[in-house]
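# Residue-level structure breakdown
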Amino acid sequence: MSNLIIAIPSKGRLQENTQAFFEKLGLKISRSQGARGYRGVLKGLDNKGLDNVEIAFLSASEIAKALAEGNVHLGVTGEDLLRENIINADEKVQILNPLGFGHANVIVAVPQSWIDVNSMHDLDEVADRFRENHGRRLRIATKYNQLTANFFAANGIENYRLVASAGATEGAPAAGSAELIVDITSTGATLVANNLKILADGVILRSEANLTMSYTAKWDAAQLAVLEQLLTLTAAEQSARHMQQINCETTTISATKVAKIAAEYNCKMPFADKDYFTIFADKNNVFAIVEQLKLGGAHYITVAELKYIFNNDGQQFAQIKHKLATR
C-alpha cells in the first residue's frame, strides 16, 4: 500500500496557518526529522486510515508544480500559483476547499501620476499611444506571465511586453525598468508607498490558500478512503466558517414569523421544537436577523459560533471518483 502524500508550505505564515487549520480538524502534522525535516506524518482520527499519510514540506510554488506532475496527491497552495504554473489547470488539479487564509489579489497597477488611466480600457488607449510616440511597447514587470497574458488578451490589449521581475516588482516603474506592474498584494500598502494605484477593473484573481488535489497522481482505494475522510472534515469546517447559530425561544414569537425571517435571509433551520428554533445564518446577516426577531416579539436570543456542519451528501467525493475513473 503506497502513501498518500500531502504537500504543505515548508515555512512562514502559510505553514503556521496550514498546521493550525489541520489542528481545527483534529489532525496534527509532525515533522519526521525535527524542525528542519522535509517529511512528516499526519496524526488524528484515532489514526484510522491515516497510517499511510505522508506530509511533504515544499515551497508554495513547488507544491503547485508537484500537484501538476502528480508527485503529491494533495497540496495547500494559493490559487494564483496554481493558475500561473499549471497549463490547463482545471484538467490536472481540483481545488477542494478554500482554507480561509493566505488572501491576496493579483492586480494590475500603474503610476498614480497616470491620472487619466483608471481602467483596462484606459490602459489599452495608453498602450497604443505609447507605441506610436516611443516606438516600443509598454513594459509590464511581473512574475505572473501566464495570468497577465490571459487577462490582457481578454481585455483586447496587445501593445505591451513582459519583463522579468528580478527583485521587488512594485519598484520597477520608479527604477525605470517597466511602466506598470502585475503583482500580488494583500493590503495595497506597498503599492501606495511606491506611488502606484490598482486599476478599477484590474483585479486579475482573488486568491487564497486552498486544499487542492492532483488528477495526475496515481490513486488507490486506500488513498481514496483517506481523501473521503478529509473531504468530510474540510467541508464541515468550511460550511461552519461563515455561519453562526441563532437560537430563539418561541413563547413570544410565532413559528411562522421565525420561518419567514429565516427565509428572507436564506438561512437554514435544521432543528426546531416547541420551545425554541435554531437558525444557521451567514455571519454578515446575524445582527439584522436578530433585530428582525426582536421586532417580531422574541425576548431571548443567543448567537454562537459553529465548529463543524456535517451534511453527509458525499457529492463532491462521488464526482472526484467518477472523474478519476474516466481519465
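So, here's what we can say about the structure.

Right, let's talk about the overall build of the chain for a bit. For the chain, the helix and strand inventory stands at 12 helices and 16 strands. Dimensions of the chain, computed from C-alpha atoms along their principal axes, come out at roughly 80 × 60 × 40 Å. Residue burial in the chain is summarised as follows: out of 327 residues, 47% are buried. The long-range share in the chain, meaning contacts at least 24 apart out of those at least 6 apart in sequence, stands at 71%. About 16,900 Å² of surface is accessible on the chain, with carbon and sulfur atoms providing 49% of the total.

This part is about the sheet that holds strand β1 (residues 4-9). One open sheet accounts for seven strands, arranged β2-β3-β4-β1-β5-β12-β6; its pairing is mixed. At either end of the open sheet lies a strand with only one pairing partner, and these are β2 (27-31) and β6 (93-98). Adjacent strand axes in the sheet meet at a mean angle of 30 degrees, parallel and antiparallel pairs treated alike. Taken together, the five bridges between β6 and strand β12 (residues 209-214) define a ladder with antiparallel strand orientation. Within the sheet, the bridge partner assigned to P98 lies in β12 and is N210. Its contacts with the sheet put helix α1 (residues 12-24) on β1, β2, β3 (39-44), β4 (53-58), β5 (74-78) and β12, and the angle it makes with β1 is roughly 130 degrees.

Looking at the element boundaries, Q244 is found in strand β13 (residues 243-249). Of note is the side chain of Q244, whose polar atom sits 2.9 Å from the side chain of E305. In this structure Q244 touches I279, F280, A281, K283, V286, V303, A304, E305 and L306, once residues within four positions along its chain are discounted.

Quick look at the packing of aromatic side chains now. Under the criterion given, the structure shown has four aromatic pairs. Look at F21 and F22: their rings are 6.0 Å apart centre to centre, the planes differ by 80 degrees, and that puts the pair in the edge-to-face class. Residue F22 is classed as buried on the basis of its relative accessible area of 2%. Relative to F310, the ring of Y308 lies with its centre 5.6 Å away and its plane at 45 degrees, an arrangement referred to as tilted.

What follows covers unusual backbone geometry. The phi dihedral of N88 is positive, around 55 degrees, even though this residue is not glycine. Looking at where N88 falls in the secondary structure, it is placed in the loop between α3 (79-85) and α4 (89-92). Non-glycine residue N266 carries a positive phi angle of around 55 degrees. Within the secondary structure, N266 is located in the loop between α10 (255-264) and β14 (268-272).

This part takes up the pattern of salt bridges. Side chains that differ in charge, positive against negative, can pair when their charged atoms come close. Within this structure, the stated rule accounts for 10 salt bridges. With a closest N to O distance of 3.9 Å, E16 and R13 form a salt bridge. Here E16 and its partner R13 are both found in helix α1, three residues apart, which amounts to about one turn of the helix. Residue classification places E16 among the exposed residues on the basis of a relative accessible area of 51%. Note that E305 is salt-bridged to K283, the shortest N-O span being 3.4 Å. A residue pair is termed long-range when its members are at least 10 positions apart, and E305 in strand β16 (residues 301-305) and K283 in the loop between β15 (276-282) and α11 (286-295) qualify at 22 residues. The class of E305 is exposed, set by a relative accessible area of 53%. Overall, the relative accessible area of 33% leaves K283 in the partly exposed class.

Ranked by size, the top nonpolar core spans 32 residues in total, and within it I6, L74, M213, W219 and L227 carry the most contacts. For this core, the element with the most residues is helix α9 (residues 221-241), which contributes six residues. Setting aside its immediate chain neighbours within four residues, L227 contacts L74, L96, M213, W219, F317 and I320. V108, I140, Y144 and V182 belong to the second-largest nonpolar core, a separate cluster that totals 23 residues.

It is worth spelling out the pairing of β13 at this point. Across the seven residues of β13, six count as buried, placing the element largely inside the fold. Looking at chain direction, β13 and β15 are connected through seven bridges and run antiparallel. From the neighbouring strand, E249 faces β15, where its bridge partner is Y276. When β13 meets β16, the two strands line up antiparallel, connected through five bridges. Bridging across to β16, N247 finds its partner in T302.

Cut-off values and rules
Residues numbered from 1 in each chain as written. Predicted model: local features only at pLDDT ≥ 70, side-chain atom pairs only at ≥ 80, totals over all residues. Heavy atoms only, no water. Helix = DSSP H or I, 4+ residues; strand = E, 2+ residues; numbered from the N terminus. Buried < 20%, exposed > 50% of the residue type's maximum accessible area, 1.4 Å probe, protein only. Contact = heavy atoms within 4.5 Å. Areas by Shrake-Rupley, 256 points an atom, 1.4 Å probe, with all protein chains shown as cover. Pairing = 2+ DSSP bridges. Axes fitted to C-alpha atoms, helices over the stretch in contact; angles between N-to-C directions. Polar contact = N/O pair within 3.5 Å; in protein donor to acceptor, adjacent residues only side chain to side chain. Phe/Tyr/Trp six-rings, centres within 6.5 Å; stacked < 30°, edge-to-face > 60°. Salt bridge = Lys/Arg side-chain N within 4 Å of Asp/Glu carboxyl O. Core = buried A, V, L, I, M, F, W, Y, C linked by side-chain atoms within 4.5 Å.

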